[in-house]
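Listed below, chain by chain, are the residues.
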Amino acid sequence: MFLVGMYLQLAKWGQGVPEGATKPLGAWGTLKLIVHRIFEKGIGPAIGIIILDGLFQRRTWRRRKTEWLMHILIFWGWVGLFILTVAAAAAEFYGLL
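On a predicted model such as this, the values are computed, not experimentally measured, just so you know.

Asker: Can you explain the environment of isoleucine 50? Please cite residues and give values.
Answerer: The topology assignment puts isoleucine 50 in helix H3 (residues 43–55). Using a relative accessible area of 46% as the deciding quantity, one classes isoleucine 50 as partly exposed. Spatially, the C-alpha atoms of isoleucine 50 and tryptophan 61 are 15 Å apart, while their sequence positions differ by eleven residues.

Asker: Which residues make up the pattern of salt bridges, and what are the values?
Answerer: A full pass over the atoms with the stated rule returns two salt bridges. Between arginine 63 and glutamate 67 there is a salt bridge, with its nearest N and O atoms 3.1 Å apart. Here arginine 63 falls in the exposed class, since its relative accessible area comes to 54%. Here arginine 64 ties to glutamate 67 by a salt bridge, and the two come within 2.7 Å at their closest N and O atoms.

Asker: Go over the packing of aromatic side chains, please, and point to the residues and values.
Answerer: Inspection of every chain in the model, using the stated rule, returns four aromatic pairs. Between phenylalanine 56 and tryptophan 76 the ring centres are 6.4 Å apart and the planes differ by 35 degrees, which places this aromatic pair in the tilted class. With a gap of 20 residues between them, phenylalanine 56 in the loop between H3 and helix H4 (58–63) and tryptophan 76 in helix H5 (residues 65–94) connect regions that are remote in the sequence. Using a relative accessible area of 34% as the deciding quantity, one classes tryptophan 76 as partly exposed. Seen from their ring centres, phenylalanine 75 and tryptophan 76 are 5.1 Å apart, and the 80 degrees between their planes marks the pair as edge-to-face. Looking at phenylalanine 75, the relative accessible area reads 28%, which means it is partly exposed.

Asker: Can you lay out the side chain of glutamine 57 for me, pointing to particular residues and giving the numbers?
Answerer: Following the sequence through the fold, glutamine 57 ends up in the loop between H3 and H4. When near neighbours in sequence (up to four residues on either side) are disregarded, glutamine 57 contacts Leu52, Trp68, His71 and Ile72.

Asker: So what's going on with unusual backbone geometry? Which residues, and what values?
Answerer: Non-glycine residue glutamine 57 carries a positive phi angle of around 55 degrees. Look at glutamine 57 and you get buried, because its relative accessible area is 16%.

Procedures and definitions
Residues numbered from 1 in each chain as written. Predicted model: local features only at pLDDT ≥ 70, side-chain atom pairs only at ≥ 80, totals over all residues. Heavy atoms only, no water. Helix = DSSP H or I, 4+ residues; strand = E, 2+ residues; numbered from the N terminus. Buried < 20%, exposed > 50% of the residue type's maximum accessible area, 1.4 Å probe, protein only. Salt bridge = Lys/Arg side-chain N within 4 Å of Asp/Glu carboxyl O. Phe/Tyr/Trp six-rings, centres within 6.5 Å; stacked < 30°, edge-to-face > 60°. Contact = heavy atoms within 4.5 Å.

Rendered as structure tokens:
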């Protein structure tokens, strides 16, 4: 369901005609454009953006501190749940813990 939703969102974004183009990009063209823009200045700045803006919510911190705290607690709560689930599954199936 997530993948279908992402495809539909990319298709919606791809209905517009970007500057300099003669036809709409479509879903896959939009995805290629997004990836190209992210890595436009190289992999170093892209990784910095992913880590600072994605994992630590730098832009939200600049806007509102309370909103940032809420996002961080939710995001890292889900990350912690994922890690504990993987650890429990490993212990159950492989007896590692």
